[in-house]
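A structural walkthrough
As a plain string of letters, each chain reads:
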Amino acid sequence: MNLSSLNEQQKAAVMAPLGPVLVLAGAGSGKTRVLSFRIAYLIEKALVKSENILALTFTNKAAAEMQKRVVSLLSRGKSNAESKKSTQDNLNFQLSAFNSSALPSMGTFHSLGARILRKEIARLGYNSNFVIIDSSDQLKIIKDILHDLPIETRLSPNLFRAYISTAKNNLQTPQELSLGLEADLANLVQEVYLRYQNFLSRQNSVDFDDLLMLPIKLFQANETILAKYQKQFRYILVDEYQDTNHAQYVLLYLLAVEHNIFVVGDDAQSIYGFRGSNIGNILNFEKHYPEAKVYKLEQNYRSTKNILTVAQKVIELNPEQKPKTLWTENPAGSKVQLEAVEDELGEAYFVAKTIVALSSGLEIPEPASTTGGSGFSILDQFLRKQSPQSAYSFLQLPKQHGSLKGFAVLYRTHAQSRALEEAFISAAIPYQIIGGVKFYERREIKDVLAYLRLLSNPFDLLSLKRVVNVPARGIGEKSFQALQTFIDSVRSTIPEALLPEFLKALSGISLPAKSKQAVSHFYELLDGFNSLAPEIKLSELMKAMVKKVQLFTWYNDGTEIGEVRVENIKELFNVAVKFDHLPWPEGLPQFLEEVALISEVDNLKDNQDTVTLMTLHAAKGLEFDTVFFVGLEEGILPHAQSLLNPAELSEEIRLAYVGLTRAKKQLFLLYAKARRLYGNLTYTNPSRILRVIPAANLSGSLGQSLPYAEPGELTYEPLE
DNA sequence: ACCGGCCTGTTTTTT
DNA sequence: ACAGGCCGGT
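Residues numbered from 1 in each chain as written. Chains lettered and ligands numbered in written order. Predicted model: local features only at pLDDT ≥ 70, side-chain atom pairs only at ≥ 80, totals over all residues. Heavy atoms only, no water.

1. Regarding the sheet that holds strand 8 (residues 293-297)
Taken in spatial order, the six strands of this open sheet run 3-2-6-7-1-8, and their pairing is parallel. Of all the strands in the sheet, just strand 3 (105-108) and strand 8 have a single pairing partner and so form its edges. Averaged over all adjacent pairs, the angle separating strand axes in this sheet is 15°, with direction ignored. As paired strands, strand 6 (residues 235-238) and strand 7 (residues 261-265) are joined by three bridges and run parallel to one another. (Pairing = 2+ DSSP bridges. Helix = DSSP H or I, 4+ residues; strand = E, 2+ residues; numbered from the N terminus. Axes fitted to C-alpha atoms, helices over the stretch in contact; angles between N-to-C directions.)

2. Describing the confidence of the model for chain A
Here chain A averages 84 in pLDDT, and 87% of its residues register 70 or above. Predicted confidence in chain A is weakest over helix 4 (residues 80-91), with a mean pLDDT of 43, and strongest over strand 6, with 97. Confidence drops under a pLDDT of 50 for residues 368-376, and excluding neighbours within four residues, the segment shows 16 contacts in the predicted structure. Residue range residues 382-389 is modelled with pLDDT below 50. Its contacts to residues more than four positions away, or to other chains, number 13 contacts. (pLDDT = per-residue confidence, 0-100. Contact = heavy atoms within 4.5 Å.)

3. Focus on a negative patch on the surface
Together, Glu 560, Glu 563, Glu 567 and Glu 571 make up a negatively charged patch on the protein surface. Residue placement: Glu 560 occurs in helix 26 (residues 560-577). (Patch = residues over 30% accessible without salt bridge, like charges linked within 9 Å, V, L, I, M, F, W, Y side chains within 5 Å. Areas by Shrake-Rupley, 256 points an atom, 1.4 Å probe, with all protein chains shown as cover. Salt bridge = Lys/Arg side-chain N within 4 Å of Asp/Glu carboxyl O. Lys, Arg positive; Asp, Glu negative; His and termini not counted. Charge placed at Lys NZ, Arg CZ, Asp CG, Glu CD.)

4. Regarding the sheet that holds strand 14 (residues 663-672)
Reading across the sheet, the seven strands line up as 11-12-10-13-14-9-17 and stay open at both edges, with parallel pairing between neighbours. Two strands bound the open sheet, and with one partner strand each, they are strand 11 (431-433) and strand 17 (698-699). Sheet topology note: the strand 9 (residues 336-341)/strand 14 ladder contains five bridges and is parallel. Bridging from a neighbouring strand, Ala 340 pairs with Tyr 671 of strand 14. Where helix 14 (residues 305-315) meets the sheet, its contacts fall on strand 9 and strand 14, and the angle it forms with strand 14 comes to roughly 50°. Sitting on the sheet, helix 15 (residues 344-360) touches strand 9, strand 10 (407-411), strand 12 (611-615), strand 13 (624-629) and strand 14, and the angle it makes with strand 14 is about 155°.

5. Concerning the packing of helix 9 (residues 210-221) against helix 10 (residues 223-232)
For the pair helix 9 and helix 10, interaxial distance at closest approach is 5 Å and the crossing angle is 115°. Judged by the angle between their axes, helix 9 and helix 10 are roughly perpendicular. Between helix 9, through Leu 218, Phe 219 and Ala 221, and helix 10, the contact on the second element is made entirely by Glu 223, Ile 225, Leu 226 and Tyr 229. Looking at the contact of helix 9 with helix 10 residue by residue, the class counts come to six nonpolar, no polar and one charged. (Parallel < 35°, antiparallel > 145°, perpendicular 65-115°, else oblique. Nonpolar A, V, L, I, M, F, W, Y, C, P; charged D, E, K, R; others polar.)

6. Quick look at helix 2 (residues 31-44)
Taking 1.5 Å per residue as the helical rise, helix 2 with its 14 residues ought to reach 20 Å, and the 20 Å between its terminal C-alpha atoms agrees with that figure. Looking at helix 2, one finds that the buried residues are Lys 31, Val 34, Leu 35, Ser 36, Phe 37, Arg 38, Ile 39, Ala 40, Tyr 41 and Leu 42. Just past helix 2, the residue Ala 46 takes up positive phi, approximately 55°. (Expected span 1.5 Å × (residues − 1). Buried < 20%, exposed > 50% of the residue type's maximum accessible area, 1.4 Å probe, protein only.)

7. Focus: the nonpolar core
Where a protein is soluble and globular, its nonpolar side chains tend to be buried together. Phe 522 and Phe 591 are the most contacted members of the largest nonpolar core, which has 113 residues in total. Setting aside anything within four residues of it in sequence, one finds Phe 522 in contact with Tyr 451, Leu 464, Val 467, Val 468, Arg 473 and Ile 475. Listed in part, the 45 residues of the second largest apolar core include Ile 307, Val 627, Ala 656 and Ile 689. (Core = buried A, V, L, I, M, F, W, Y, C linked by side-chain atoms within 4.5 Å.)

8. Some points on the protein's contact with DNA strand B
Around DNA strand B, 25 residues are found, and the nearest of them are Arg 412, His 414, Asn 469, Gly 476 and Gln 641. The sugar and phosphate moieties of DNA strand B supply 61% of its atoms located within 4 Å of the protein. A distance of 3.0 Å separates a phosphate oxygen of DNA strand B from a polar backbone atom of His 414. Within the side chain of Asn 469, one N or O atom sits 2.6 Å away from a phosphate oxygen of DNA strand B. (Near = heavy atom within 4 Å. Polar contact = N/O pair within 3.5 Å; in protein donor to acceptor, adjacent residues only side chain to side chain.)

9. Structural notes on the environment of Ala 62
By secondary structure assignment, the location of Ala 62 is in helix 3 (residues 60-75). On the basis of relative accessibility, which here comes to 23%, the residue Ala 62 falls in the partly exposed class. Spatially, the C-alpha atom of Ala 62 lies 8.9 Å from that of Thr 32, the residues being 30 residues apart in sequence.

10. Examining the pairing of strand 12
With five of its five residues buried, strand 12 lies for the most part within the structure. For strand 11 and strand 12, the ladder comprises three bridges, and the chain directions are parallel. Counted as the bridge partner of Gln 432 is Thr 612 from strand 12.

11. Side note on the packing of helix 14 against helix 29 (residues 646-660)
Helices that pack against each other are described as a pair by the angle of their axes relative to one another and the distance between those axes. At a minimum axis separation of 9 Å, helix 14 and helix 29 run at an interaxial angle of 175°. By the angle between their directions, the pair helix 14 and helix 29 is classed as roughly antiparallel. Residues Ile 307, Val 310, Ala 311, Gln 312, Val 314 and Ile 315 of helix 14 pack against Ile 653, Arg 654, Ala 656, Tyr 657 and Leu 660 of helix 29.

12. Focus: helix 14
Burial within helix 14 is extensive, with eight of its 11 residues counted as buried. Those residues of helix 14 lying buried are Asn 306, Ile 307, Leu 308, Val 310, Ala 311, Lys 313, Val 314 and Ile 315. Buried residues in helix 14 make contact with strand 9, helix 29, strand 14 and helix 30 (688-691).

13. Quick word on the packing of aromatic side chains
Counted under the stated rule, the structure contains 14 aromatic pairs. For the ring pair Tyr 253 and Tyr 289, a centre distance of 5.5 Å and an interplane angle of 45° mean the geometry is tilted. Of the two residues, Tyr 253 is situated in helix 11 (residues 246-255) and Tyr 289 in the loop between helix 13 (285-288) and strand 8; the sequence distance between them amounts to 36 residues. Its relative accessible area of 37% is what places Tyr 253 among the partly exposed residues. Through a chain of ring-to-ring contacts, three or more aromatic side chains come together here, namely Tyr 241, Tyr 249, Tyr 253, Phe 285 and Tyr 289. Positioned over the ring face of Phe 552 is Lys 570, at 5.6 Å from the centre of the ring. If you follow Lys 620 out to its NZ or CZ, it ends over the ring of Phe 58, 3.6 Å from the centre. (Phe/Tyr/Trp six-rings, centres within 6.5 Å; stacked < 30°, edge-to-face > 60°. Lys NZ or Arg CZ within 6 Å of the ring centre and 35° of its normal.)

The structure is reproduced here in structure tokens:
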């Protein structure tokens, strides 16, 4: 392997001795390269066997990319035929890449947890075909629990979900719960948590947090199992270490018994505190592993000097930020362009116009102004008088245009994407949005998946409840209750024979004859799917199910929404095709696991020539030639919810830093003077982030009212 | 059991 | 602004 393409620091990290290693890698300093080289290096120097390496990344996509890079590094120097073969193997590999033997294990913490639980969960009283529930399912369960509770509470189900999640991240069972809450509330949370966990266990399902907590509980209770995994994962590498939480820290600490752990991260990019990540993990690495070697990667290969300087100034808004000197040999580049717009429509127009201009080389004329003295953006005037389509008729991306791949629009919240999306549609600019209304959370998708989950795990009450009357077949609340009672009574004795047994037992249930017939028909339906499943491919099974229950007819009500729903279901068939080669019953749980653990960024299609729109969180780890950073206003970034809490405000600053450092060549910063929030117009001020950017690196300015300030001058007080 | 209309909280970020 | 939950009428 040739290390000559690495700089001295990168090389030192790649060639570090075994034992704990912390690589503090600034934005764009090549940390993914270092990780890939490190893995290849360990394998090639025979320091660690490939199958004993575990690499944990933040997304499945990142894991897939690293896998590809390692394979390519290792196959260089081999004979042509051999390298061709391994590349081919690599192309076939699954996203949840925990199955191939020769390659290192790579994936997310959650997929690792799922993998361990598939093998070991029987010891915890679950069955290995457990299903993974998402947060809306969590919420449904908690709502039901609150409903059943003898006491009334005005507290929102979301609050309980958050407490339960925190408890799990801190590895507290319901019995061990200790969140420092006032006694009454603590008791209530404990009761809800207990019932919630019982429900999950009863219906053989786990939530995201369980995927981390349960393996740890298992390991702590059973040394033999732990030893097995310690032996298997002799060497562990972790990407984005700054965003790990307490449970993840403990899991690593348990597994890396020989302290062969190599973590890479940047404390300036820690942005997941809201979901329990603990920046202390990276800051205290040397305390946790006293013999740790630390390497710093400070040369940035991504951005121009102007962009880097701006990012540097912004991160200085954080007084407790560890100082770091990130430098680059890249050219100064064009100045960062600051643009004030009237409102979100003006913002969308500016972005669309600039993309058209940059990608086609055309000068874009301003629309004929209809603005009166009191109006907002020109476009706003247009939109009020005409349809959105005609509003942009003067702005169309010509057929002949350059690549759009290099453009990204980044924003703080999904809600901000709407105006942009409308502008892009009108201007005929191809785009993809990452996240937003998530594909796998759409109703029709969850319906189809629920049928499948029920097939995989007959105890999945949540899925049963979901599909029992979709499409409507005359089974209402009462009938469902009877069903549920039956399932509870039968589960301990004959789980496998649930469906036929049910038909026999049905005569003993007190229900009107009509309901009984409906329920019985439903179960015959499921039973039919059960016998069909082993005989056909997964995607064929799904098609057959959808056809049999006439889901398309149910959804296609003639509206546009109905049409979209049908299209979405067809899209889901395509996803399932990837699992068609697996034999029954393995294919189904693997498919369900992949769709449960898929992350938003995994859906990013980098083979398509489109502009990408996404949140700052989703943009972590990515880079683009040209970035439009929109909505830089107080209340948006930093977000209004974070203004009162210094820790959260710091996270907003780091979030801004992440956004700025995504840009390679050109960076546009936009703020609107007014914006429609929750339906009505709000006047806004430029973000404090903009105020610390030196004029020398900037084209455009903030104007008089809120002038430049040194980072130190801006306190944590909310700005007016 | 189903359907339509009204009310509410929801938007910060997510595996 | 809007989706999803709840209530009351069929």
